[in-house]
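Read off the chains here:
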Amino acid sequence: MGRQKTIGRPITCSGIGLHSGQEVSMNLCPSPPDTGIIFRRMDLPDTPVVQARPENILDVHYATTLGKAGVEVKTVEHLLAALAGLGIDNLMVEISGPEVPVMDGSAAPFVDLLLQAGIRRHYVPKTYIVVTKPLVIEMGNRSIQILPSKRFRIHYSMGFDHPRFPEQSIELLISRRTFIRKIAPSRTYGFLRDVEYLWRRGLALGGSLENTVVIGDEGPLNDLRFGDELIRHKVLDLIGDLYLLGRPLQGTVVAKGAGHLLHTTLVREIQRHLESDQVSRCVVAAPEPLSFPVPASAKPLGSPAV
Ligand SMILES: [Zn+2]
């Protein structure tokens, strides 16, 4: 806590995109302080970049897609959740195609990979977004709100329109440990009844029992990792989407029947309040003071080296 973080060394993974079905490889590389999470499309001329920022949210149907000047990166939320969970602030993600690989459908493979690369601290303080007044967003009977609190908590509830999963809810204090053990392993899910509709729309083309909890009329076709894996995965998606703010949040998020659209609407709303000067109305960025001396010889991490 306290200082910004990146990873110790570059590390590579590959797999297929959940929606595109396209094979893609990804290099995760250490990055300098205050640069945030940046995706670089290695397969396009001039290797253009898209930063994980609220203004680059392009599409939120069934996954979160970032885009800028015609350059897209789809399904960023599970990787972003892993970065949020481990407190990694700065990273360059070099990617060879338009979609982040789905791996096993959860954030656990990304957590393993990042831990393998090692976490390195910069000599630069981390900043947080501290919620000082509630923000509420409602869409019909779905809603999301953020309330002031000293820690980052999530309360998520959802009905799944299925006899085996009528309603699930979970309330968690999100720490690194909680994230790794209780949230990261939960996989994305889909209903068999929706598959044809999704395929017709060019979605879920890479989906399989290897990377998705598939739910038929009688129940899940694969073994669940948690009895309430579906709602845990909603929390995973929410953590990933909230990390588009580029900084960790201090506040309690209460989501009811939400999804990427409400998650990212909240992100934009928090960002809007940060950009306006009406911070007293809503949120303020609270830099955490450095609590240690910075050695004069300290080399900033991320300068070409590691
Ligand atoms: Zn997801």
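Counting restarts for each chain: residues are numbered from 1 in the order of the written sequence. For a predicted model such as this one, the threshold for reporting local features is a pLDDT of at least 70, and the threshold for listing and counting side-chain atom pairs is 80 or more; totals across whole chains, interfaces and linings nevertheless cover every residue.

1. Comments concerning the packing of helix H5 (residues 229–242) against helix H6 (residues 260–275)
The cut-off we apply is this: Each axis is a line fitted through C-alpha atoms, and for a helix only the stretch in contact is used; angles between axes span 0 to 180 degrees, taken between their N-to-C directions. Counting from the N terminus, the helices are the DSSP runs of H or I reaching at least four residues and the strands are the DSSP runs of E reaching at least two. The scheme is simple: roughly parallel for angles under 35 degrees, roughly antiparallel for over 145, roughly perpendicular for 65 to 115, oblique for anything else. Crossing chirality is assigned from the near helix's rotation relative to the far helix, an anticlockwise turn below a right angle marking it left-handed and a clockwise turn marking it right-handed. Each residue gets a C-beta atom placed from its backbone, and two residues are in contact if those atoms lie within 7 Å.
It is at 9 Å that the axes of H5 and H6 come closest, and there the two elements cross at 30°. Classified by the angle between their axes, H5 and H6 sit roughly parallel to one another. Helix-helix and strand crossings are classified by hand; for H5 and H6 the assignment is right-handed. On H6, the residues touching Asp237, Leu238, Asp241 and Leu242 of H5 are His260, His263, Thr264 and Val267.

2. A closer look at H6
Applied cut-off: Given the number of residues in a helix, its expected span is that number minus one, multiplied by 1.5 Å. Buried, partly exposed and exposed are defined by the number of other C-beta atoms within 10 Å of a residue's own C-beta, namely 20 or more, between the two limits, and 12 or fewer respectively, with C-beta atoms placed from the backbone.
Relative to the 22 Å expected for 16 residues at 1.5 Å per residue, H6 spans 22 Å between its end C-alpha atoms, a close match to the ideal helical length. Taken together, the buried positions of H6 are His260, Leu262, His263, Thr264, Leu266, Val267, Ile270 and His273.

3. Some remarks on the sheet that holds strand S4 (residues 37–41)
The line we're drawing: Strands qualify as paired when DSSP identifies two bridges or more between them.
Ordered by their spatial adjacency, 5 strands build an open sheet running S2-S3-S9-S4-S5, and the pairing between neighbours is mixed. Strands at the two margins of the open sheet, each flanked by one partner only, are strand S2 (11–16) and strand S5 (49–51). Strand-to-strand twist in this sheet, taken as the mean axis angle between neighbours without regard to direction, amounts to 25°. Taken together, the 5 bridges between strand S3 (residues 23–30) and strand S9 (residues 91–95) define a ladder with antiparallel strand orientation. Counted as the bridge partner of proline 30 is leucine 91 from S9. The strands touched by helix H2 (residues 108–117) are S2 and S3; relative to S2, the strand with the most contacts, the crossing angle is about 165°.

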